[in-house]
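These are the residues of each chain, in order.
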Amino acid sequence: MPQTALRLLRLALRLLTAAALAAATVAHAEKAGMKVGLTTNGAGLGGKAGEKLLAYNLHQLDISLQTPDERSFSLRGAKGMSFEKYANGVMDFFRRYKA
């Protein structure tokens, strides 16, 4: 990887949130004609990150649902998000998704 690209990547990692970085990566790959797949735990799909992803032509989207119910979700210690918000966010994303 050229030194300039490496410096830009490091800067991008510091400046962007994970969701924004994923959206930027998808946009760059799409412009380059590459197929893009994304694997996520789904927590951000109900928010701005999910909204941004709807604009892209994803080749594949995998959601790792490691917490299939409220009890196991609470055992994992998710901070700042309830199981209901998590599940509704994932379902809202797929309702809005244009396949």
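Here, every reference points to the structure presented above.
Rules and cut-offs
Residues numbered from 1 in each chain as written. Predicted model: local features only at pLDDT ≥ 70, side-chain atom pairs only at ≥ 80, totals over all residues. Heavy atoms only, no water. Helix = DSSP H or I, 4+ residues; strand = E, 2+ residues; numbered from the N terminus. Buried < 20%, exposed > 50% of the residue type's maximum accessible area, 1.4 Å probe, protein only. Contact = heavy atoms within 4.5 Å. 1 Å grid on protein atoms, 1.4 Å probe; cavity = no way out; pocket = protein on both sides within 12 Å on 5 of 7 lines; lining within 4 Å. Points joined across faces, edges and corners; volume = space filled by probe spheres on them. Nonpolar A, V, L, I, M, F, W, Y, C, P; charged D, E, K, R; others polar. Phe/Tyr/Trp six-rings, centres within 6.5 Å; stacked < 30°, edge-to-face > 60°. Expected span 1.5 Å × (residues − 1). Arc of directions from axis to C-beta.

Asks: So what's going on with the overall build of the protein? Which residues, and what values?
Replies: Scanning the protein from terminus to terminus reveals five helices and two strands. Reading the helices (α) and strands (β) of the protein from amino to carboxyl end gives α-α-β-α-β-α-α. For the protein, with 99 residues in total, the buried portion stands at 23%. Of the contacts made within the protein by residues no fewer than 6 positions apart, 49% connect residues no fewer than 24 positions apart.

Asks: Go over the layout of surface pockets, please, and point to the residues and values.
Replies: Approximately 220 Å³ is the volume attributed to the largest pocket. Lining the largest pocket are 13 residues; nearest its centre among them are Asn 41, Phe 73, Arg 76, Ala 78 and Tyr 86. When grouped by side-chain class, the residues that make up the lining of the largest pocket number five nonpolar, six polar and two charged.

Asks: Run through empty space enclosed by the protein, naming residues and quoting values.
Replies: Here the structure, examined in full by the defined rule, presents one cavity of 30 Å³ or more. Estimates place the volume of the largest cavity at around 30 Å³. Along the walls of the largest cavity sit Val 26, Glu 30, Met 34, Lys 35, Val 36, Asn 57 and Leu 58, which together make up its complete lining. Classifying every residue of the lining of the largest cavity gives four nonpolar, one polar and two charged.

Asks: Before we move on, can you summarise the packing of aromatic side chains with the specific residues and values?
Replies: Counted under the stated rule, the structure contains four aromatic pairs. Between Phe 83 and Tyr 86, the ring centres sit 6.4 Å apart and the planes meet at 45 degrees, which makes this aromatic pair tilted. Placement of both Phe 83 and Tyr 86 in helix H5 (residues 83-96) is noted, with a separation of three residues, approximately one turn of the helix. Each ring, one from Phe 93 and one from Phe 94, has its centre 5.3 Å from the other, and the planes form 85 degrees; the classification is edge-to-face. Residue class for Phe 93 comes out buried when judged on its relative accessible area of 0%. Here a set of aromatic residues connected by ring pairs shows up, and it is made of Phe 73, Phe 83 and Tyr 86.

Asks: Explain H5 to me, and be specific about the residues and the numbers.
Replies: Here H5 contains 14 residues, and its C-alpha end-to-end distance of 20 Å stays within 8% of the 20 Å for a straight helix at 1.5 Å per residue. Along H5, the residues that are buried comprise Phe 83, Tyr 86, Gly 89, Val 90 and Phe 93. Along H5, the residues classed as buried sweep out an arc of 140 degrees about the axis, all on the same side. Along H5, exposed side chains directed more than 90 degrees from the buried face belong to Glu 84, Lys 85 and Arg 95. The elements touched by buried residues of H5 are helix H3 (48-53), strand S2 (60-63) and helix H4 (70-75).

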